[in-house]
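Fold and contact review
Residue strings, one per chain:
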Amino acid sequence: AEGLPNLMLEAMSKGLVIITRDVGSISELIKNGENGYYINNVQEISNVLDMLSINNGIFEKISQNNINKINLEYSEMVVVPEIIKFIKSVYQNQH
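The present account deals with the structure reproduced in this document. Residue numbers run consecutively from 1 along every chain, following the written order of its sequence. In keeping with the model being predicted, local features are shown solely for residues with a pLDDT of at least 70 and side-chain atom pairs are shown and tallied solely at 80 or more, while totals for entire chains, interfaces and linings include all residues. In computing side-chain properties, one takes all heavy atoms of the structure into account and sets aside hydrogens as well as water.

Next up on the list: helix α5 (residues 76–94). Relative to the 27 Å expected for 19 residues at 1.5 Å per residue, α5 spans 27 Å between its end C-alpha atoms, a close match to the ideal helical length. With a 1.4 Å probe rolled over the protein chains alone, any residue whose accessible area is under 20% of its type maximum counts as buried; one over 50% counts as exposed, and the rest are partly exposed. Strands are runs of DSSP state E lasting at least two residues, helices are runs of H or I lasting at least four, and both sets are numbered from the N terminus onward. Burial analysis of α5 places just zero of its 19 residues in the buried class, which makes it a mostly uncovered element. Take the residue count of a helix, subtract one, and multiply by 1.5 Å to get its expected span.

Structure below.
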């Protein structure tokens with residue numbers, strides 16, 4: 001299982017609203033009501049979908065929150081320098 005699901009990251013980068021269960025490391029990505037929704041049963045899925053279909057403003061806000069989160073925390077501009085820093089530290093510790 002993935003620590004942070006790539007599929008979820010990709011969906012967020014496109015502005016999709018995430019509806020998921022609160023399992024594993026999902027809580028690192030999703031803050032309930034801010035950039036997605038946690039559900040526990042089919043009725044909760046229905047309730048969230050109804051709310052999003054009735055109130056387009058909520059959908060738009062969460063959509064933008066997801067795009068912003070990915071751009072600020074998971075974009076190449078952020079992640080690649082961290083990976084390079086990590087690789088350099090490993091290399092330096094071995095020599």
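Our next topic: the pattern of salt bridges. Just to be clear on terms, a salt bridge is a Lys or Arg side-chain nitrogen sitting within 4 Å of an Asp or Glu carboxyl oxygen. Counting across every chain of the model gives one salt bridge. The shortest N-O distance in the salt bridge between Lys 69 and Glu 73 comes to 3.2 Å. With Lys 69 and Glu 73 both in helix α4 (residues 56–73), this residue pair falls four residues apart, about one helical turn. Taking relative accessible area as the criterion, Lys 69 reaches 15% and is therefore assigned buried.

What follows covers the environment of Tyr 91. Mapping Tyr 91 onto the fold places it in helix α5. Considered as a pair, Tyr 91 and Val 79 are twelve residues apart in the sequence and their alpha carbons are 18 Å apart.

The next subject is α4. In this model, α4 (18 residues) spans 26 Å end to end at C-alpha, consistent with the 26 Å of a helix rising 1.5 Å per residue. Among all positions in α4, only Ile 62, Ser 63, Asn 66, Lys 69 and Ile 70 are buried. Down the axis of α4, the smallest arc covering the buried residues is 125 degrees, so these residues share one side. Residues of α4 that are exposed and angled more than 90 degrees away from the buried face: Lys 61 and Leu 72. Contact definition: two residues touch when any of their heavy atoms are within 4.5 Å. Lining the buried residues of α4 we find α1 (6–13), β1 (18–20), α2 (26–29) and β2 (36–38). As used here, the arc is the angular range of directions from the helix axis to the C-beta atoms.

What follows covers the environment of Thr 20. Here Thr 20 lies in strand β1. Beyond its immediate stretch of four places on either side in the chain, Thr 20 contacts Met 8, Ile 26, Ile 30, Tyr 37, Tyr 38 and Ile 39.

A few words now on the nonpolar core. Grouped together as the largest cluster of nonpolar side chains are ten residues: Met 8, Leu 9, Ala 11, Met 12, Ile 18, Ile 26, Leu 29, Ile 30, Tyr 38 and Ile 70. Those elements giving two or more residues to this core turn out to be α1 and α2. Counting residues per element, this core draws most heavily on α1, at four residues. Excluding residues within four positions of it along the chain, Leu 9 makes contact with Leu 4, Leu 29, Ile 70 and Tyr 74. Val 17, Val 48, Leu 52 and Ile 62 belong to the second largest nonpolar core, which has six residues in total. By nonpolar core is meant a set of buried Ala, Val, Leu, Ile, Met, Phe, Trp, Tyr and Cys residues that side-chain atoms within 4.5 Å join together.

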